[in-house]
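Structural overview
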Amino acid sequence: MSDSSGVQSSQSLLRRKPIDNVEDETGRTGLFKSLGLWQLTAIGVGGIIGVGIFTLAGLVANGGEDGAPVGPAVLISFLVAGLASAAAALSYAEFAGMIPRAGSAYTYGYVALGEIIGWFIGWDLLLEYTAIVAVVAIGISGYFTEFMSGIGVTVPTWMQGTPDTIEGGVINLPAIVVCLIITFILSRGTKTFGKFELVAVGLKILLILGIVGLGFFYVNTDNYSPFLPSGFGAVFTGAATVFFAVFGYDAMSTAAEEATDGKKHMPKAILLSLLIAMVLYVLAALVLTGMQNYKDISPTAGFASAFQSVGLPVIATIISAFAVISILTVMLTFLLGVTRVWFSMSRDGLLPAWFSTTDRHGTPQRVTWIAGVASALLAGVFPIRAVADLTNIGILAAFIVVCIAVIVLRRTRPEVPRTFRLPLMPIVPAFGVLASLFLILQLHWETWLRFFVWLLIGLAVYFFYSRKHSLMNPDSPRHALLRRDA
């Protein structure tokens, strides 16, 4: 009796979401299909480009209060992170063209590796995406303070940041406010959000090209020496931190069900967004560290301080204003991500059905506002590096799962139609696994501790609620609920 029970328990943990019923599910989702190729690409670029250029590049180059300075070699940090991200991006592209369903890595893990793996990645992403929204809001706060200073308004110290980030700080009020603003924008529906993102990302790219073009004339090559002030070890640690800035496409993939042609457009949008972003990152890192010595770069508002250092305070003020607007697109992309993962887990029965209710805009309002308020609280009380590292460990874990899952599914379901097939299988995804493992090991032990605590909480939720209520469980109470609603 106990042996039979043990086998059933093991099977329930490894039960997989069938690919065959994906199309049936997307037809009754409640989400609206309104996103084309360029809107999807804009969401991806919007999620990748922002805080990486405007905040993390300066933070990693300078080192901040508790990190080793990477200096001009921050360029290499971005390239290492981008290379690791590219391997995962190809894996995401194959999945997105095969399974155009909300949930991203959660759904891919569920389909290929089983329910318990899918659960852990989904639970992980709920925290990581929420934390990403928070860390970007913290980055906006630094530029907001610079902008207000540029127009002659002094922001009270108590509201500029937490005690860990600024002397006399109490709470990061600008970060809290901006979290609530982007929550409101997303709550208006995907169609409205998609239009806003397309316009905002276009302005963002023009801004960055303008910054790079103008800054090029103020580059002092002496600032590139020493190129590696703290050695290659710091460069790899920096890559683990800026990795946060090169994976917005995975949050964009959570909008697959809202794409007008997910199987065709999602793979293209993923690869296009990463390519555009990496070109801009390389150019921006070269100009930033060439304009100002890495020791003097502001860890919270790098480009603003660089232009001030060359006697262009008006340009610094303009940059600060546009940086606030452009970084908003990053927050919108990842808030979209957390709400769609949450929605998908709820629809699958792993979380209460209350969360998967949509309104007349096709938006899951409940999870949108819960996630938005949670990100506001995180942004208000935590320092930027702690939150950035927390997001990176979770996303790297998701990348490992996706890269393994694409190898497994290529072997177990080779007959499933794929609109995109990643090259050099299994070399590319295997490299993605190794690169992600290498970067994840560069993170501080405190980050690992926070990560494991969150996963332990998730384990308790799964065994006390999710396993019983999963739609993959024939005895799930949710089946009766769905029959009643139908």
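Residues numbered from 1 in each chain as written. Predicted model: local features only at pLDDT ≥ 70, side-chain atom pairs only at ≥ 80, totals over all residues. Heavy atoms only, no water.

**Re the overall build of the chain**
We count it as follows: A helix here means a DSSP run of H or I that spans at least four residues, while a strand means a run of E at least two residues long, and both kinds are numbered starting from the N terminus. Whether a residue is buried, partly exposed or exposed follows from its accessible area with a 1.4 Å probe, protein chains only, as a fraction of its type maximum: under 20%, in between, or over 50%, in that order. Calculation of accessible area relied on Shrake-Rupley with a 1.4 Å probe; when residues are assessed, cover is drawn exclusively from the protein chains displayed.
A count of helical and extended segments in the chain gives 19 helices and 0 strands. Relative to its full complement of 486 residues, the chain shows a buried share of 59%. Carbon and sulfur atoms form 69% of the exposed surface of the chain, whose accessible area is close to 18200 Å².

**Focus: a nonpolar patch on the surface**
Spelled out, the test is: To count toward a patch, a residue needs a relative accessible area over 30% and no salt bridge; like charges are then connected within 9 Å, while nonpolar side chains (Val, Leu, Ile, Met, Phe, Trp, Tyr) are connected within 5 Å. Salt bridges, as used here, are contacts in which a Lys or Arg side-chain nitrogen is within 4 Å of a carboxyl oxygen on Asp or Glu.
Taken together, Leu180, Phe184, Trp369, Val373 and Leu377 make up a surface patch of nonpolar side chains, about 460 Å² in accessible area. Per-element accounting of the nonpolar patch gives the leading share, 3 residues, to helix 15 (residues 365-381). Summarising the element assignment, Trp369 is placed in helix 15. You can call Trp369 partly exposed: its relative accessible area is 33%.

**Quick look at the pattern of salt bridges**
Under the defined criterion, the tally for this structure stands at 6 salt bridges. Between Glu94 and Arg418 there is a salt bridge, with the nearest N and O atoms lying 2.9 Å from each other. Residue Glu94 is found in helix 5 (residues 74-98), and its partner Arg418 is found in the loop between helix 16 (384-412) and helix 17 (427-440); the two are separated by 324 residues along the sequence. We note a salt bridge from Glu415 to Arg413, for which the minimum N-O separation is 2.5 Å. Sharing partners across several salt bridges, the network here consists of Glu94, Arg410 and Arg418.

**Points about the packing of helix 12 (residues 262-291) against helix 13 (residues 302-309)**
Selection rule: Note on geometry: axes are C-alpha line fits, over the in-contact stretch for helices, and angles between N-to-C directions span 0 to 180 degrees. Working definition: roughly parallel below 35 degrees, roughly antiparallel above 145 degrees, roughly perpendicular at 65 to 115 degrees, and oblique for all remaining angles. The hand of a helix crossing depends on one turn: near helix anticlockwise from the far one by less than a right angle means left-handed, and clockwise means right-handed. Contact definition: two residues touch when any of their heavy atoms are within 4.5 Å. Amino acid classes used here: Ala, Val, Leu, Ile, Met, Phe, Trp, Tyr, Cys and Pro are nonpolar; Asp, Glu, Lys and Arg are charged; the rest, including Gly, are polar.
For the pair helix 12 and helix 13, interaxial distance at closest approach is 9 Å and the crossing angle is 45°. Overall, the two elements helix 12 and helix 13 adopt an arrangement that is oblique. Every pair of crossing elements has a handedness; the one defined by helix 12 and helix 13 is left-handed. On helix 13, the residues touching Ala284, Val287, Leu288 and Met291 of helix 12 are Gly302, Phe303, Ala306, Phe307 and Ser309. A breakdown of the residues in the contact of helix 12 with helix 13 according to their chemical character gives 7 nonpolar, 2 polar and no charged.

**Digging into the packing of aromatic side chains**
Describing an aromatic ring pair means giving the distance of the ring centres and the angle of the ring planes. We count it as follows: Whether two aromatic rings pair depends on their centres lying within 6.5 Å, for rings of Phe, Tyr and Trp, where Trp uses its six-membered ring; planes under 30 degrees apart make the pair stacked, over 60 edge-to-face, and the rest tilted.
In the structure shown here, the tally under the stated rule is 17 aromatic pairs. For the pair Phe95 and Tyr108, a centre-to-centre distance of 4.6 Å together with 5° between the ring planes defines the contact as stacked. With Phe95 in helix 5 and Tyr108 in helix 6 (residues 105-113), the pair connects residues that are 13 residues apart, well separated along the chain. Taken individually, Phe95 and Tyr108 each receive the classification buried, so the pair is uniform in this respect.

**As for unusual backbone geometry**
The residue after Ser225, namely Pro226, is reached through a cis peptide bond having omega 0°. Within the fold, Pro226 resides in the loop between helix 9 (190-216) and helix 10 (231-242). The residue after Met425, namely Pro426, is reached through a cis peptide bond having omega 0°. The backbone of Leu424 sits at a positive phi, close to 55°, despite the residue not being glycine. Here Leu424 shows up in the loop between helix 16 and helix 17. On the basis of relative accessible area, Leu424 is assigned to the exposed category, the value being 59%.

**Considerations on the confidence of the model for the chain**
Going by this rule: Every residue gets a pLDDT, meaning the predictor's confidence in that residue, from 0 to 100.
Residues with a pLDDT of 70 or more make up 89% of the chain, whose mean pLDDT is 81. Across the chain, element-level confidence peaks in helix 18 (residues 445-469) with a mean pLDDT of 89 and bottoms out in helix 2 (residues 22-26) with 50.

**Regarding the environment of Leu422**
Structurally, the position occupied by Leu422 is in the loop between helix 16 and helix 17. Relative accessible area serves as the criterion here: at 4%, Leu422 is assigned to the buried category. Taking C-alpha positions, Leu422 is 9.1 Å from Ala87, a pair spaced 335 residues apart along the chain. Beyond its immediate chain neighbours, meaning those up to four positions away, Leu422 contacts Leu90, Ser91, Glu94, Val406, Arg410, Val428 and Pro429.

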